[in-house]
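Structure assessment
One-letter residues, chain by chain:
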Amino acid sequence: MPGVNRFEATLVHGSDFLLRPPDLNDVEAITIACQDDQAMRWLPIPRPYTQDDARAFIQDYAVRQLEAGTGIVFALASESVQSPGDSNFAGLMDLKHTDWSTGCTEIGYWTAPWARGAGLTARAARRLAEWAIYEKGLDRVQLCAALGNDASAGVARRAGFVAEGIARSSGVTAGGRVDMQVFSLISADLP
């Protein structure tokens, strides 16, 4: 039933992908992906990014988000992706900053370098937004992309999110504070 006011560990299926809880089989792929130049540029992640960082993300951060009821972390997996290790890992995607009283949440994501360029992340972002609205009863899914991160903004546009404007100095990347492009998908946008 929509509107339960919390997330539970679950699977979200797409046409050619699966959003699933991240697990320890993803550690190697996450660690390698976080060494990529684009990840290092746009994500505020530890440097160097180690397997211990990946394990902590999976076992601590993801668990805390779920327990707090304000977020849920998914591994994006696809049979069409060949990743290091055994996981078909293509990236990470989450819902965060969820405010159940206003029905708003935010999608965050990053794509592993071996999974870029095929539109997988855009399809997964759209599916996750639809899941949040249809299954969880939320009304607004926001997505923010650092100004200058054209690939991330392109994912938002291809996923059908509407550009709203710029939130000044509202994000942090490896280089420090940045302006963020704000996109949204609301329940009225969906059929």
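Check the entry above for the structure.
Residues numbered from 1 in each chain as written. Predicted model: local features only at pLDDT ≥ 70, side-chain atom pairs only at ≥ 80, totals over all residues. Heavy atoms only, no water.

Let's talk about the sheet that holds strand β5 (residues 104-111)
On the basis of which strands lie adjacent, the open sheet formed by eight strands has the order β1-β2-β3-β4-β5-β6-β8-β7 and mixed pairing. In this open sheet, the two edge strands, each paired with only one partner strand, are β1 (12-13) and β7 (162-173). Relative to strand β2 (residues 18-20), β1 is paired through two bridges, and the arrangement is antiparallel. Pairing of His13 across the sheet is with Leu18, part of β2. Helix α4 (residues 120-134) contacts β1, β2, β3 (72-77), β4 (89-99), β5, β6 (140-146) and β8 (176-186) of the sheet and is inclined by roughly 35 degrees relative to β4. Taken strand by strand, helix α5 (residues 150-158) contacts β5, β6 and β8, and its axis lies near 10 degrees from that of β8. (Pairing = 2+ DSSP bridges. Helix = DSSP H or I, 4+ residues; strand = E, 2+ residues; numbered from the N terminus. Contact = heavy atoms within 4.5 Å. Axes fitted to C-alpha atoms, helices over the stretch in contact; angles between N-to-C directions.)

Quick notes on unusual backbone geometry
Trans peptide bonds make up most of the peptide bonds, and negative phi angles are found at most residues other than glycine. Following Arg47, the chain continues into Pro48 via a peptide bond in cis, with omega recorded as -5 degrees. Take Pro48: it is sitting in the loop between α2 (37-42) and α3 (51-68).

Section: the environment of Met93
Among the secondary structure elements, Met93 is positioned in strand β4. Overall, the relative accessible area of 1% leaves Met93 in the buried class. It is 8.7 Å that separates the C-alpha atoms of Met93 and Ile72, two residues lying 21 residues apart in sequence. Excluding anything up to four places from it in sequence, Met93 contacts Leu19, Ile72, Val73, Phe74, Ile107, Gly108, Tyr109, Thr121, Ala124, Ala125 and Leu128. (Buried < 20%, exposed > 50% of the residue type's maximum accessible area, 1.4 Å probe, protein only.)

Structural notes on the environment of Ala75
Relative to the helices and strands, Ala75 is located in strand β3. On the basis of relative accessibility, which here comes to 0%, the residue Ala75 falls in the buried class. As for Ala75 and Ala90, which are separated by 15 residues in sequence, their C-alpha atoms are 7.5 Å apart. The residues contacting Ala75, other than those within four sequence positions of it, are Leu18, Leu19, Arg20, Pro21, Pro22, Asp26, Phe89, Gly91 and Leu92.

Observations concerning the environment of Gly91
Looking at where Gly91 falls in the secondary structure, it is placed in strand β4. For Gly91, a relative accessible area of 0% gives the class buried. Taking the C-alpha atoms as reference points, Gly91 and Leu19, 72 residues apart in sequence, are found 9.7 Å from one another. Among all residues touching Gly91, those that are not within four sequence positions of it are Phe74, Ala75, Leu76, Trp110, Thr111 and Ala112.

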